[in-house]
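Architecture at a glance
For reference, the chains in residue letters:
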Amino acid sequence: MKPVRGSAGPCSSAAVPSMWWCCTTVSMSELGPGQEEEEERECKASMPSAPGGGGREEEEEEGEGRVLTLPLQAYRAMERMEEFVHKVWEGRWRVIPHDVLPDWLKDNDYLLHGHRPPMPSFRACFRSIFRIHTETGNIWIHLLGFVLFLCLGILTMLRPNMYFMDPLQEKVVLGMFFLSTLLCLGFSWLFHTVYCHSEKVSQTFSKLDYSGIAILIMGSFVSWLYYSFYCSPQSRLIYLSIICVLGISAIIVAQWDRFGTPKHRQTRAGVFLGLGLSGVVPTMHFTISEGFVKATTVGQIGWFFLMAVMYITGAGLFAARIPERFCPGKFDIWFQSHQIFHVLVVAAAFVHFYGVSNLQEFRYSLQGSCTDDSLL
Ligand SMILES: [Zn+2]
């Protein structure tokens, strides 16, 4: 039977659920000009001999009066599987629609086309960074963010000690912020790169990805609390302890196997939103103690408020899957909710860095003094 392009055909998800690499409703135009003919040839060549729907070769053989035995069918299926693994290894795979993805790769059913197939090869996964598919934007936003914060971190660490009141302590605190940002962005782009490898790899890296978010929130709190409660070591210690306990709890929850499943999208957004909103208590404490004007000027509360708005907006869009839910299939490659969330995470981390840098300069300008009318 000849595969019918543009329709589900004999190897649709319903007929042959596991044969997701065969000729189905894949948009050939996504492969670029000039590849369609080759793809069609490959499709015909690799058409699996599903029971009741054999390929051309089988038809010819049947025409000669020979019937394929079950072991021979299994042997041919193995051959085709081997051929497919070779194609993946050489980077000759193509994007597939959402409805033929295996369950463990189904995350957002508003993204209809352009998904990577499962590719059990790390080499193929990393090479896919340079191809256009649903994860290209997610990978590159956090990969470029990673490079940006790596440069900022190195520049900050190499800053001469004369610009710090307590160089060792301050560099440890700022270093924790950069390390947490790098871990979050690093885990994230790695997860988005390899999550089509296999179910096990996807699950392991998704746990790292979610742990990275909790680590970023903890690292951000540490640097903010250090400078904002500079002259109140007791309050600082209490708030630091609370955020560490909450952050570690979130990391433990993220190790739950079902935490990363689509069913628990709202739970995930809720856990990280709750962790971030725990900052409301020290912020209120700071604002009431210092007064609104002082808190928003030298205290940089405005920048931290903007950071919180960015994180909350990102988490909200992520949980509600806006904008793709309003136009399914229109945001498959660019401007999907997850990409907006990734951009907001990088922007919020940068706003945080800017606010903390201003606080550091303010403390330096006071020469670390806590005796006069200084903050807390
Ligand atoms: Zn992500």
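Residues numbered from 1 in each chain as written. Predicted model: local features only at pLDDT ≥ 70, side-chain atom pairs only at ≥ 80, totals over all residues.

The cut-off we apply is this: UniProt positions are given in the numbering used here, feature names are shortened, and annotations may be inferred rather than shown by experiment.
In the nomenclature of an unreviewed UniProt entry, the protein is known as Adiponectin receptor 1 of Cnephaeus nilssonii. In UniProt, the protein has this text filed under Sequence similarities (unreviewed entry): "Belongs to the ADIPOR family." We quote the UniProt Subcellular location (unreviewed entry) comment for the protein here in full: "Membrane".

1. Observations regarding the UniProt feature "transmembrane region" (unreviewed entry) in the protein
Note the threshold: Secondary structure elements follow DSSP: runs of H or I no shorter than four residues count as helices, runs of E no shorter than two count as strands, and numbering proceeds from the N terminus.
Listed under "transmembrane region" (unreviewed entry) in the UniProt record, and renumbered for this structure, are residues 139-160, 172-196, 208-226, 238-257, 269-288, 300-320 and 340-357. For the annotated span residues 139-160, helix accounts for 86% and strand for 0% of the residues, and the straight-line distance between the end C-alpha atoms is 34 Å. In residues 269-288, the share of helix is 90% and the share of strand is 0%. The end C-alpha atoms are 29 Å apart.

2. Focus: the UniProt feature "binding site: Zn(2+)" (unreviewed entry) in the protein
To be explicit about the condition: Think of it as a crowd count around each C-beta: if 20 or more other C-beta atoms lie within 10 Å the residue is buried, if 12 or fewer it is exposed, and in between it is partly exposed, with C-beta placed from the backbone throughout. By the criterion used throughout, residues are in contact when their C-beta atoms, derived from the backbone, lie within 7 Å.
When the UniProt feature table is mapped onto this chain, "binding site: Zn(2+)" (unreviewed entry) is found at H192, H338 and H342. Of the residues just listed, which span 151 residues, no C-alpha pair is farther apart than 11.3 Å, and they cluster in one region. Relative to the helices and strands, H192 resides in helix α6 (residues 167-194). Mapping H342 onto the fold places it in helix α13 (residues 337-365). Note on H342: 24 C-beta atoms within 10 Å, which makes it buried. Non-local contacts of H342, meaning those with residues more than four positions away in its chain, are made with N138, I141 and H142.

3. As for the confidence of the model for the protein
This is how the line gets drawn: What pLDDT reports is the predictor's confidence in each residue, on a scale of 0 through 100.
Averaged over every residue, the pLDDT of the protein is 81; residues scoring 70 or more account for 77%. For the protein, per-element mean pLDDT is lowest for helix α1 (residues 36-45), which scores 42, and highest for helix α5 (residues 136-157), which scores 97. Long-range and interchain partners of residues 1-65, a stretch whose pLDDT sits below 50, account for 83 contacts in this model, where long-range means more than four residues apart.

4. Digging into the environment of T134
On the secondary structure map, T134 appears in the loop between α4 (122-127) and α5. For T134, a count of 25 C-beta atoms within 10 Å gives the class buried. In this structure the C-alpha to C-alpha distance between T134 and R116, which are 18 residues apart in sequence, comes to 7.5 Å. Excluding residues within four positions of it along the chain, T134 makes contact with L111, G114, H115, D332 and I333.

5. Examining the packing of helix α7 (residues 199-228) against helix α8 (residues 233-254)
Our working definition: Orientation is described by lines fitted to C-alpha atoms, with helices fitted over the stretch in contact, and by angles between N-to-C directions that extend from 0 to 180 degrees. Oblique is the label for every angle not falling under 35 degrees (roughly parallel), over 145 degrees (roughly antiparallel), or within 65 to 115 degrees (roughly perpendicular). Ten residue types, Ala, Val, Leu, Ile, Met, Phe, Trp, Tyr, Cys and Pro, are classed as nonpolar, four, Asp, Glu, Lys and Arg, as charged, and the remainder, Gly among them, as polar.
Interaxial distance between α7 and α8 falls to 9 Å at its minimum, and their mutual angle equals 175°. Regarding the angle of α7 to α8, the classification is roughly antiparallel. Between α7, through K207, Y210, S211, A214, I217, M218, F221, V222, L225 and Y226, and α8, the contact on the second element is made entirely by R236, Y239, L240, I243, C244, G247, A250, I251 and A254. For the contact of α7 with α8, the per-class residue count stands at 15 nonpolar, two polar and two charged.

6. Comments concerning α5
Operational definition: By this rule, a helix spans an expected 1.5 Å times one less than how many residues it contains.
When the terminal C-alpha atoms of α5 are compared, their 31 Å separation across 22 residues agrees well with the 32 Å that a helix rising 1.5 Å per residue should span. Along α5, the residues classified as buried are G137, N138, I139, I141, H142, G145, F146, F149 and T156. Buried residues belonging to α5 abut α6 and α13.

7. Digging into the nonpolar core
To be explicit about the condition: Only buried Ala, Val, Leu, Ile, Met, Phe, Trp, Tyr and Cys residues enter a nonpolar core, and they are joined through C-beta atoms within 7 Å.
Core analysis: the biggest nonpolar cluster contains 61 residues, and A214, I217 and A348 have the highest contact counts within it. Secondary structure elements with two or more residues in this core: α4, α5, α6, α7, α8, α9 (265-277), α12 (301-320) and α13. If one sorts the elements of this core by residue count, α7 sits on top with 14 residues. Sequence-distant contacts of A348, that is, excluding residues within four places in its chain, are made with M307, M310 and Y311.

8. Overview of the packing of α8 against α9
Taken N-terminus to C-terminus, the directions of α8 and α9 make an angle of 170°; their axes are 10 Å apart at the nearest point. By the angle class used here, α8 and α9 are roughly antiparallel. Mapping the contact onto sequence places L246, G247, A250 and V253 in α8 and V271, F272 and L275 in α9. Within the contact of α8 with α9, the residues separate by chemical class into six nonpolar, one polar and no charged.

9. Points about the environment of W104
Structurally, W104 is set in the loop between α3 (70-89) and α4. For W104, a count of 15 C-beta atoms within 10 Å gives the class partly exposed. The sequence separation of W104 and S198 amounts to 94 residues, and the corresponding C-alpha distance is 8.5 Å. Apart from the residues lying within four places of it in its own chain, the contact partners of W104 are E199 and S202.

10. Observations concerning unusual backbone geometry
Residue P323 follows I322 across a cis peptide bond; omega there is 15°. We note that F335 has phi near 65°; this positive angle belongs to a residue other than glycine. Summarising the element assignment, F335 is placed in the loop between α12 and α13. When the 13 C-beta atoms within 10 Å are taken as the criterion, F335 is described as partly exposed.

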